[in-house]
Amino acid sequence: MIRLDNIFVKFGDFEALHDINVHVKEGEFFTFLGPSGCGKTTTLRTITGFIEPSSGSVFMAGKDITHVPIEKRNIGIVFQSYALFPTMTVYDNIAFGLKIKKLGKNDIDKKVRDIARKVDLSDEQLAKAVSQLSGGQQQRVAIARALVTEPAIICMDEPLSNLDAKLRVQLRNELKNMQREFGITTIYVTHDQEEALTLSDCIAVFNKGKIEQTGTPNDIYNHSKTEFVANFIGDINKLDTQITSSLGLSEKQNHFIRLERIRVERESNSGFPGVIESQEYYGLYIKYYIKAGGQVLKVIEKNDGVNIYRPGENVRVIINPADIMSYPKE
């Protein structure tokens, strides 16, 4: 559906994007993930036409659109700030793109009301000024405005970042359900790892203008290709030499293991001796800090309400070498 071939973007002497190659399939929810300034928004703006690459090509449905103007790309855009017209009604905000396309009044009315129902906006809300709505409602307006013109693709640049944590989780779920319902190809930009893992069919992890890894959420999390990806996606333990040498691991590599991959037992003939230093209680699970092998390991255990370890308690820490991800030392 969307393909980026060997995209380079330069601003003067600064290279913002270096050899970006991406293939987004039709109907896919594809996320660009990475820290601030890594190139993910620049890549999105290259797709939408706000930035023209220094070299490389952008294809949509097999057609080269590298030099096609923004308004002719048939791409819906939801900005981080929503970019709504605050003094206009919700109805007029959603209808704006249709009016530019010079659709008839009846057609506009039908399309606006249809899309409003799908994103859970009432007739009463349609009549209000955008400034009278909550952040979550404004986000729905921005999505409705992007979808109402029936674009081939919708691009979203951190659309949930201005919302509080609870609303962000709620709208994240709604966003995925909407995307499934419409079946629309979606390109999504975020720095939030949890958001990327829960929403995406495929993720590209950016770092310093390059893509470190592209894959499914499971690939990115459990089979991180680089040390940067392993550290950026979720929490992880870097194992010290005392543990790695006892496991027979190479000293020429750095070794990491996810928190939930470590097992803790009170009595075992295997593993390392450890002492519970502290715990964090999250309800579904408990996060333990365990002094073992010359370092403090972070471990997540499912909370069964019975088998809970207390600070100061002696335990055995069991690590399966197959669960360790290893990367060359720089």
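Residues numbered from 1 in each chain as written. Predicted model: local features only at pLDDT ≥ 70, side-chain atom pairs only at ≥ 80, totals over all residues. Heavy atoms only, no water.

Participant: I keep staring at the packing of helix α2 (residues 90–100) against helix α3 (residues 105–118) and nothing clicks. Help me out?
Facilitator: The relative placement of two packed helices comes down to the angle between their axes together with the axis-to-axis distance. Put simply, α2 and α3 touch, their axes get as near as 10 Å, and they point 130° apart. When the interaxial angle is binned, α2 and α3 end up oblique. Seen from above, α2 lies across α3 with right-handed handedness. Contacts between α2 and α3 pair Tyr91, Ile94, Ala95, Leu98 and Lys99 from the former with Ile108, Asp109, Lys111, Val112, Arg113 and Ile115 from the latter. The residue makeup of the contact of α2 with α3, split by class, is seven nonpolar, no polar and four charged. (Axes fitted to C-alpha atoms, helices over the stretch in contact; angles between N-to-C directions. Helix = DSSP H or I, 4+ residues; strand = E, 2+ residues; numbered from the N terminus. Parallel < 35°, antiparallel > 145°, perpendicular 65-115°, else oblique. Left-handed = near helix turned anticlockwise from the far one by under 90°. Contact = heavy atoms within 4.5 Å. Nonpolar A, V, L, I, M, F, W, Y, C, P; charged D, E, K, R; others polar.)

Participant: How should the packing of α2 against helix α5 (residues 135–147) be read in this particular structure?
Facilitator: It is the contact of α2 with α5, at a shortest axis distance of 7 Å, that shows an interaxial angle of 30°. What the angle tells us is that α2 and α5 run roughly parallel. At the point where α2 passes α5, the crossing takes the right-handed sense. Contacts between α2 and α5 pair Val90, Asn93 and Ile94 from the former with Val141, Ala144 and Arg145 from the latter. When its residues are assigned to classes, the contact of α2 with α5 shows four nonpolar, one polar and one charged.

Participant: I would appreciate a short explanation of the pattern of salt bridges in the present structure.
Facilitator: Close approach of charged atoms lets side chains of opposite charge pair. In the structure shown here, the tally under the stated rule is 13 salt bridges. When the shortest N-O distance is used, the salt bridge between Lys176 and Asp201 registers 3.6 Å. Here Lys176 is found in helix α6 (residues 165–182), whereas its partner Asp201 is found in the loop between α7 (193–199) and β9 (202–207), with 25 residues between them in sequence. By relative accessible area, Lys176 is classed as buried at 9%. Under the relative-accessibility criterion, Asp201 is labelled partly exposed at 35%. Linking Glu313 and Arg266 is a salt bridge whose minimum nitrogen-to-oxygen distance equals 2.4 Å. Of this pair, Glu313 sits in the loop between β16 (295–302) and β17 (314–318) while Arg266 is found in the loop between β13 (263–265) and β14 (272–281), placing the two residues 47 residues apart along the sequence. When its relative accessible area of 38% is taken as the criterion, Arg266 is described as partly exposed. By sharing partners, the salt bridges in this structure join Asp109, Arg113 and Asp123 into a single network. (Salt bridge = Lys/Arg side-chain N within 4 Å of Asp/Glu carboxyl O. Buried < 20%, exposed > 50% of the residue type's maximum accessible area, 1.4 Å probe, protein only.)

Participant: Mind showing me how you'd approach the side chain of Ser224 here?
Facilitator: Along the chain, Ser224 turns up in the loop between α8 (217–222) and α9 (227–232). Among the residues examined, Ser224 registers a relative accessible area of 7% and is labelled buried. A polar side-chain atom of Ser224 sits 2.7 Å from the main-chain carbonyl oxygen of Ile220. Ignoring sequence-local partners within four residues, the contact set of Ser224 consists of Gln213, Asp219, Val229, Ala230, Arg258, Met325 and Tyr327. (Polar contact = N/O pair within 3.5 Å; in protein donor to acceptor, adjacent residues only side chain to side chain.)

Participant: So what exactly am I meant to see when it comes to the environment of Leu126 here?
Facilitator: With respect to the element layout, Leu126 can be found in helix α4 (residues 123–126). Of the residues examined, Leu126 reaches a relative accessible area of 2% and is grouped as buried. As a C-alpha pair, Leu126 and Thr89 span 37 residues in sequence and 6.6 Å in three-dimensional space. Ignoring anything within four residues of it in the chain, the contact list for Leu126 reads Thr89, Val90, Tyr91, Ile94, Val112, Arg113 and Ala116.

Participant: Whenever I open this one, α6 confuses me. Can you help?
Facilitator: Helical geometry: 3.6 residues make up each α-helical turn, so side chains three or four residues apart lie on a common side. Spanning 18 residues, α6 covers 26 Å between terminal C-alpha atoms, matching the ideal 26 Å at 1.5 Å per step. Among all positions of α6, only Leu171, Arg172, Leu175, Lys176, Met178 and Gln179 are buried. One side of α6 holds all its buried residues, which, seen down the axis, span an arc of 160°. What points out from α6, more than 90 degrees from its buried face, is the exposed set Lys166, Arg180 and Glu181. On its buried face, α6 is in contact with β3 (29–33), α3, α5, β7 (153–157), β8 (185–190) and α7. A positive phi of about 65° marks Gly183, the residue just after α6. (Expected span 1.5 Å × (residues − 1). Arc of directions from axis to C-beta.)

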